[in-house]
Amino acid sequence: MTTAQEDGTLARAREQLWQAVCARDEDAAARAVFTALDDGADPQDVLLDVIAHTQREVGRAWAENRFTVAQEHSATAIHERIIAAMAHRVPAPATDDARVTVTVACVDGEWHALPARLLAEVLRLRGHRVDFLGAQVPTPHLIAHLHATAPSAVALSSSLPLRLPAAHSAITAVQAIGIPVVAGGAAFGADGRYARLLGADAWAPDARTAAGLLERGLPRPAGGAVRQSVDDLPHLIDQEYTLVTRARRQVVRSTLAGLEERVPVMRDYSAEQRERTAEDVLHIVEFLACALYTDDGSLFTAFLDWTADILEARQVPARVLDPTLVLLQDELKDFPRTLGLLAEGRDTLRRRAARPPAPESGAPYEQRIRRQRLPPGHGPRRHR
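The shown structure was predicted, so the numbers you read here are calculated from the model rather than taken from an experiment. (Residues numbered from 1 in each chain as written. Predicted model: local features only at pLDDT ≥ 70, side-chain atom pairs only at ≥ 80, totals over all residues. Heavy atoms only, no water.)

**Q** What is the right way to look at helix α3 (residues 43-63) in this model?
**A** For an α-helix the count is 3.6 residues per turn, leaving residues at separations of three or four pointing the same way. With 21 residues, α3 should reach 30 Å at 1.5 Å per residue; the first-to-last C-alpha distance of 29 Å fits that figure. For α3, the tally of buried residues reaches 15 of 21 residues, placing the bulk of the element in the interior. Measuring from the backbone nitrogen of Gln-44 back to the side-chain oxygen at the start of α3 gives 2.9 Å, which picks out Asp-42 as the cap. Phi turns positive, to about 65°, at Asn-65, one or two residues after α3. (Helix = DSSP H or I, 4+ residues; strand = E, 2+ residues; numbered from the N terminus. Expected span 1.5 Å × (residues − 1). Buried < 20%, exposed > 50% of the residue type's maximum accessible area, 1.4 Å probe, protein only. Polar contact = N/O pair within 3.5 Å; in protein donor to acceptor, adjacent residues only side chain to side chain.)

Structure representation (structure tokens):
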């Protein structure tokens, strides 16, 4: 198959797969993928240039309020089942060569497993031995598995910046037993800045790059005692991250009470609306804490800008975010770094209010952040 023919095959498969997931038609989705394989498309290209591409379009459709959360989950489930079917249909190459052994896992608390699954399948197709542990792997269980299997490397995946503290713990624990870590996923930044910040041995922006890094081999870390968070992140000595994290439930309760005073319409909210508002406020506090952990205000401001896009795509004015930040300033007035982040957040919202609506309003968080050259990542949200 020529390059032009393969490009045409992949383009047709992308269009057919998109139509199938929009219709929630798993049989049609499978036909789109397996027809491309039968027509000679490279299985790795089908995984990354058809399935992964379509999954990104699904995320974009949700952000623009064209897909519900349920539709997004349905599409993801279809993709996961097709990937599993491909694994049985396309055998791994038989080889006597010494190949790398890799454990692929998502950090504790990370439920977005599809990027890690794609990497595991790419490695399998290249003839490597892979242990895919799936979503949400607690670090102690990961370490126990590594002691039992002794892989060449660990590929650690996270899509949400909120999981960066857990990723940091996993990275240092794995390195302490002498195994190198490749970090990947949107949580680590479009340029890998958070992978470097947390001390990962390597960072990869995509599955092809990760596979190449692992094939070339990574030097094993010295091992020994686990590094403490403050060793990599000396700003944590001020304890603001720890104190804000511990107090987050009380902070959310106090902020909600204050919002009822400032936004009288909230007094008439249904129980469901109150619950979702509480989730939204908690999410803001959690991103604030994550920005404290990394000492990077752009993580918080990019999240607010993305959230404003999501709200506006649902006909909710972005200005509703500002009262929450004002109340958080009152609640957290004893924390200087926190106040600085909240001030940056309010400045972001003011600048946003002063400009005309962006034509890409509602675009996925990763897309907005790449445009701003800021670290990507997005969180699950449900809106009124």
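The structure having been displayed, the exposition proceeds.
**Q** Explanation requested: the sheet that holds strand β2 (residues 129-134) in the structure shown.
**A** Consider a sheet: its strands pair through backbone hydrogen bonds, and that pairing is either parallel or antiparallel. Taken together, the 5 strands give an open sheet; going across it, the order is β2-β1-β3-β4-β5, and neighbouring strands pair in parallel fashion. The open sheet has two free edges, formed respectively by β2 and β5 (202-204), since each of these has just one partner strand. Between one strand axis and the next, the sheet turns by 20° as a mean value, whatever way the strands run. Pairing of strand β1 (residues 101-106) with strand β3 (residues 153-157) involves 5 bridges; the strand directions are parallel. When the sheet's bridge partners are listed, Thr-103 is paired in β3 with Val-154. The strands touched by helix α9 (residues 207-216) are β1, β3, β4 (181-184) and β5; relative to β5, the strand with the most contacts, the crossing angle is about 145°. (Pairing = 2+ DSSP bridges. Axes fitted to C-alpha atoms, helices over the stretch in contact; angles between N-to-C directions. Contact = heavy atoms within 4.5 Å.)

**Q** Explain unusual backbone geometry to me, please; I cannot follow it from the model alone.
**A** Leaving glycine out, the prevailing phi sign among residues is negative, and the prevailing peptide bond configuration is trans. Even without being a glycine, Gln-136 presents a positive backbone phi close to 55°. Among the structural elements, Gln-136 can be located in the loop between β2 and α6 (139-149). For Gln-136, a relative accessible area of 25% gives the class partly exposed. Positive phi values are uncommon outside glycine, yet Asp-295 reaches one of about 60°. Structurally, Asp-295 can be placed in the loop between α13 (271-294) and α14 (297-313).

**Q** Explain the packing of aromatic side chains to me, please; I cannot follow it from the model alone.
**A** One pair of aromatic rings is described through two measures. These are the centre distance and the angle between the planes. The final tally for this structure, using the stated rule, is 5 aromatic pairs. Chaining the aromatic ring pairs together yields one cluster made of Trp-62, Phe-287, Phe-303 and Trp-306. Of note, Arg-314 hangs over the ring of Trp-62, and the distance from its end group to the ring centre comes to 5.0 Å. (Phe/Tyr/Trp six-rings, centres within 6.5 Å; stacked < 30°, edge-to-face > 60°. Lys NZ or Arg CZ within 6 Å of the ring centre and 35° of its normal.)

**Q** Got a minute to help me understand the pattern of salt bridges in this structure?
**A** Should their charged atoms come close, side chains of opposite charge can pair. For the structure on display, the rule yields 22 salt bridges. Notably, a salt bridge pairs Asp-309 with Arg-352, separated by 2.4 Å at the nearest N-O pair. Separated by 43 residues along the polypeptide, Asp-309 in helix α14 and Arg-352 in helix α16 (residues 336-354) bring together distant segments of the chain. Here the salt bridges share partners, and the residues they tie into one network are Asp-305, Asp-309, Glu-312 and Arg-352. (Salt bridge = Lys/Arg side-chain N within 4 Å of Asp/Glu carboxyl O.)

**Q** Help me out: how do you make sense of the environment of Ala-94 in this one?
**A** Following the sequence through the fold, Ala-94 ends up in the loop between α4 (69-89) and β1. Measuring from C-alpha to C-alpha, the distance between Ala-94 and Arg-126 comes to 9.8 Å, with 32 residues separating the pair along the chain.

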